[in-house]
Amino acid sequence: MAFPAVAVLLGITIFPLLYVLRLTVVSWELTTGFPAQFVGLQNFVRALTDPRFWNAMKNTGTLVVAGVGLQAVLGTGLALELNRIRRSRTLLMSLLLIPTMIAPVIAGFQFRMIYHDQFGPLNYLFEVITGGRFRGYAWLASPPVALWAVMWTDVWQWTPFMAVLVLAGLQAIPSELLEAAEVDGATGSQTVWRVVLPILLPVITIGTLIRLMDTFKLFDIVYQLTGGGPGNVTETIAYYTYLQGFKFFSLGYTAAMAFLQLIVITIVAQRFLHYQERVRGGVAV
Amino acid sequence: MKRHSRARRVLGAVILATALAIFLFPVVWMFLTSFKSEAEFFSYPPVFIPKSFSLVNYLNAMRFPPDGRGGLQGVRDSLIVSSGSMAVSLLLGAPAAYSFARYRTGGPNLSFWVLSTRMFPPVASALPLFLLFRSLHLLDTHLGLIIANTVFNLPFAIWLLKGFFEDLPAELEEAALVDGATIFNAFRRIALPLVAPGLVVTALLSFIFTWNEFMFALLFTRSDVRTLTIIVPSLVGGHEILWGEIAAVGVVAIIPNVLLALLLQRYLVRGLTLGAVKG
C-alpha cells in the first residue's frame, strides 16, 4: 500500500536529487549561451572560495544561532508563565499561535509596515519613549540592524510555537515529581532549573532542531523585507542560491550550493529522528 | 505546586498581556491598515484607528485582473493549488502511512528517507523541477504547482498519519483479518474511520502549508497562476507602495490561518513537530 506514495515520492524527489548531483559537476551558465561543460569539483571549490557564499553562510548562522536560541529561551519562558494560569489559557494559546500559522511573506509585509522609517509605528513608539530624541530610523536599510530586524520577524512568528510545544511538555510532567521537590525543600527557581528544565530538554531539543532546519532555509522573509540588502548584510544561503540559480542563471554553481545545504539538512534531520524516538520512547512527554 | 504570591500573579499577568500585545500587534496593524485611506497610512504620527472603515481597499485589491494582479485570482489559485496538493497527499499518504505503521514496510531506512524529503531545502529542488516543468509545459499551471508542493506535503502526511495509526490498537484490524477481510479492507473500513481526527488535522495542515508556500509559486508561475503569497510581494516595491490594498489582500490571505490557529490549537504542536510531541 505504500507503493503509490513511494513511487510518487521517488519521482518527485529522487529525480531532482540526481539532477542536482549531475549539475554539480558541470559549468552551465545560461547567460553565456555556452552548453554545459564538465568541470569536476570546480563548483564546490568556487563555493568554498566565494566570499559571498561565506557571507551568506555567516548570516544564516547568525539567524540560526541567535534567532532560534532566542525562540527557545523566550518560548520556554512564555510556557512557564502560561503553565501558571488556569483560566483562558486555551484562548491565549490560540491567539498566540496566529503568528506561527500565517505565511512568512505576509509576516514580512506586516513588519515592513512596522519598521517603516517615516510612517512606521515602531519609530513612533521609540519617539514617544525617548521624548522625540529618536526618530525616523531606517531599520531595514541600516547595515548593523537589518539582519536583526529580519531575525525578529522569524522570532515573532515562531516563539509562540516553542511556547506551546514546551507547555505540552510541562503538562506531561507528573505532579508528584514537583510535589516531591517541594517536600525536599526546593525553592521555586530550584525546581525549575533542577527538575523541570532537565525533563523538558528533549522537547526543547526537538523544537530547536525543527526551527534550525527551517531557519537554515529562510528565504521568504528576506525576499519580502530586504531582498538581501543593504549590500549583502541580510543575504541568507537560500537567498543567495536563489539569486545564482534564477537571476544569474549559473546552474552548476547553484546545484553545488544546493547540494551542500542538503548535506547540512540531512545531518540535522538525523538528529531530529534520534530525538523523536527518544521522546516517543517515553523519556519525557 | 506552591501557592503563588499575589505579586507574582500580577507579574505573570503583565508578562502574558505584554506577550499578547507583541504577538498580535502586527496582525492587528495590518487589519487596521486595510481600512485606512491613503492620507491615513501616509501620516505621522501614525493613525491607529481609521476614521471610517471603508471597504474601498478591498474592492480595489480584489478586482479581477484588468492588470493581472487582482486578489480574487490569488484567492482562486491559492484555493485550487492548496486543495489539490492536500487531496493528493492524503490519497497517497494514508495507505502508505498505514503500511509503515502496521507492517514496517521498507524498515527504518525507507521511513527516514521519507522524512528527509520533507526537510529538503526548497531551493535545492527548485532548479531541477523548474527545468522539468519547462520541458513538460507545466510552468504557470495549477498542476505544476500542485506537484511541486506535494514534494513536501506527501512526506508530511505520511509521517503525521503514521503516528496516528500507531496510536490505534491493532486488535480490531487483526480480528477483521481473521474473519477474512483483505488488508486493504481492514485499512479502509476499520483503521481509516478511526483516525478521522488525524486525517482532518493532516488535511488542514497540508492545505495551510501550500497556502503559505512562496518560493515555488514565485519561480514556477507567471500570469495564469498567481497565488496570494505572490500577489503581496508583487504589490510591494516600485515607487509607490499600495499599503491599503496589500493589507487588504493580506487580511484575506490570513483568514484560513487564523481559523486554523483558533480551531486546531491542541493538534498544532503535534502537526508542526511531525508527530514528535503530542500536544
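K.L.:
I tried to follow the overall build of chain A on my own but got confused; where do I start?
P.N.:
A count of helical and extended segments in chain A gives 13 helices and 2 strands. With the C-alpha coordinates aligned to their principal axes, the bounding extent of chain A is approximately 75 × 60 × 35 Å.

K.L.:
Would you take a moment to explain the overall build of chain B for this structure?
P.N.:
A count of helices and strands for chain B gives 15 helices and 0 strands. With respect to the principal axes defined by its C-alpha atoms, chain B has extents near 75 × 70 × 30 Å. Put simply, chain B has 279 residues, and 49% of those count as buried. Residue pairs in contact within chain B that sit at least 24 positions apart in sequence constitute 74% of those at least 6 positions apart.

K.L.:
I tried to follow the nonpolar core on my own but got confused; where do I start?
P.N.:
The nonpolar side chains of a soluble globular protein tend to be buried with one another. Counting residues in each nonpolar core, the largest one holds 169 residues, and the members touching the most others are V164 of chain A together with I158 and V232 of chain B. Broken down by element, the residue count for this core peaks at 16 residues, all from helix α8 (residues 143-171) of chain A. Here V232 of chain B is in contact with V105, I106 and F109 of chain A together with I246, V249, G250 and A253 of chain B, once residues within four sequence places are set aside.

K.L.:
Sorry if this is basic, but what is going on with α8 of chain A here?
P.N.:
Each α-helix winds once per 3.6 residues, and so residues spaced three or four apart point in a common direction. Residues and elements named next belong to chain A. Its 29 residues place the ends of α8 43 Å apart at the C-alpha level, agreeing with the 42 Å of an ideal helix rising 1.5 Å per residue. At W158, α8 is deflected by roughly 35 degrees, the largest bend along its length, and proline P160 occurs up to four residues later in sequence. Among the 29 residues that make up α8, 22 are buried, leaving the element largely enclosed by the rest of the structure.

K.L.:
For this particular structure, what's the right way to read the interface of chain B and chain A?
P.N.:
Buried accessible area, meaning the area lost when the parts come together, often serves as the stated size of an interface. Contact residues are listed per partner, giving 83 residues for chain B and 81 residues for chain A. Of all the elements, helix α1 (residues 6-33) of chain B adds the most residues to the side of chain B that touches chain A, at 12 residues. Looking at the side of chain B that touches chain A, its residues break down into 62 nonpolar, 19 polar and 2 charged.

K.L.:
Even after reading the chapter, I still don't get the environment of A101 of chain B, so can you show me in this structure?
P.N.:
All names here are of chain B. Counting through the fold element by element, A101 comes out in helix α4 (residues 71-103). On the neighbour-count criterion, A101 (22 C-beta atoms within 10 Å) is buried. The spatial distance from the C-alpha of A101 to the C-alpha of M119 is 21 Å, given a sequence separation of 18 residues. Those residues in contact with A101 that sit more than four places away from it in its chain are K162, F165 and E166.

K.L.:
Help me understand the packing of helix α7 (residues 142-167) of chain B against helix α10 (residues 196-212) of chain B in this model?
P.N.:
Helix-helix packing is described using two parameters, namely the angle between the two axes and the distance between the axes. Residue and element names in this part refer to chain B. In contact at an axis separation of 10 Å, α7 and α10 are set at 160 degrees when each is read in the N-to-C sense. Considering the angle they form, α7 stands roughly antiparallel to α10. Seen from above, α7 lies across α10 with right-handed handedness. The segment α7 lies against α10, with N149, F152, N153, F156, A157, L160, L161 and F164 engaging G198, T202, S206, F209 and T210. Class assignment for the residues of the contact of α7 with α10 results in 7 nonpolar, 6 polar and no charged.

K.L.:
Help me understand the packing of α8 of chain A against helix α10 (residues 188-216) of chain A, please; the structure alone is not making it clear to me.
P.N.:
Residues and elements named next belong to chain A. Interhelical geometry of α8 versus α10 gives an angle of 155 degrees and a closest axis separation of 9 Å. Taken together, α8 and α10 sit at an angle that is classed as roughly antiparallel. In the crossing of α8 with α10, the sense of the turn from one axis to the other is right-handed. Residues D154, W158, M162, L165, V166, G169 and L170 of α8 lie in contact with α10, whose contacting residues are L200, V203, I204, G207, R211 and T215.

Rules and cut-offs
- Residues numbered from 1 in each chain as written.
- Chains lettered and ligands numbered in written order.
- Predicted model: local features only at pLDDT ≥ 70, side-chain atom pairs only at ≥ 80, totals over all residues.
- Helix = DSSP H or I, 4+ residues; strand = E, 2+ residues; numbered from the N terminus.
- Buried ≥ 20, exposed ≤ 12 C-beta atoms within 10 Å, placed from the backbone.
- Contact = placed C-beta atoms within 7 Å.
- Core = buried A, V, L, I, M, F, W, Y, C linked by C-beta atoms within 7 Å.
- Expected span 1.5 Å × (residues − 1).
- Bend = angle between axes of the 7 residues up to and from the residue.
- Nonpolar A, V, L, I, M, F, W, Y, C, P; charged D, E, K, R; others polar.
- Axes fitted to C-alpha atoms, helices over the stretch in contact; angles between N-to-C directions.
- Parallel < 35°, antiparallel > 145°, perpendicular 65-115°, else oblique.
- Left-handed = near helix turned anticlockwise from the far one by under 90°.

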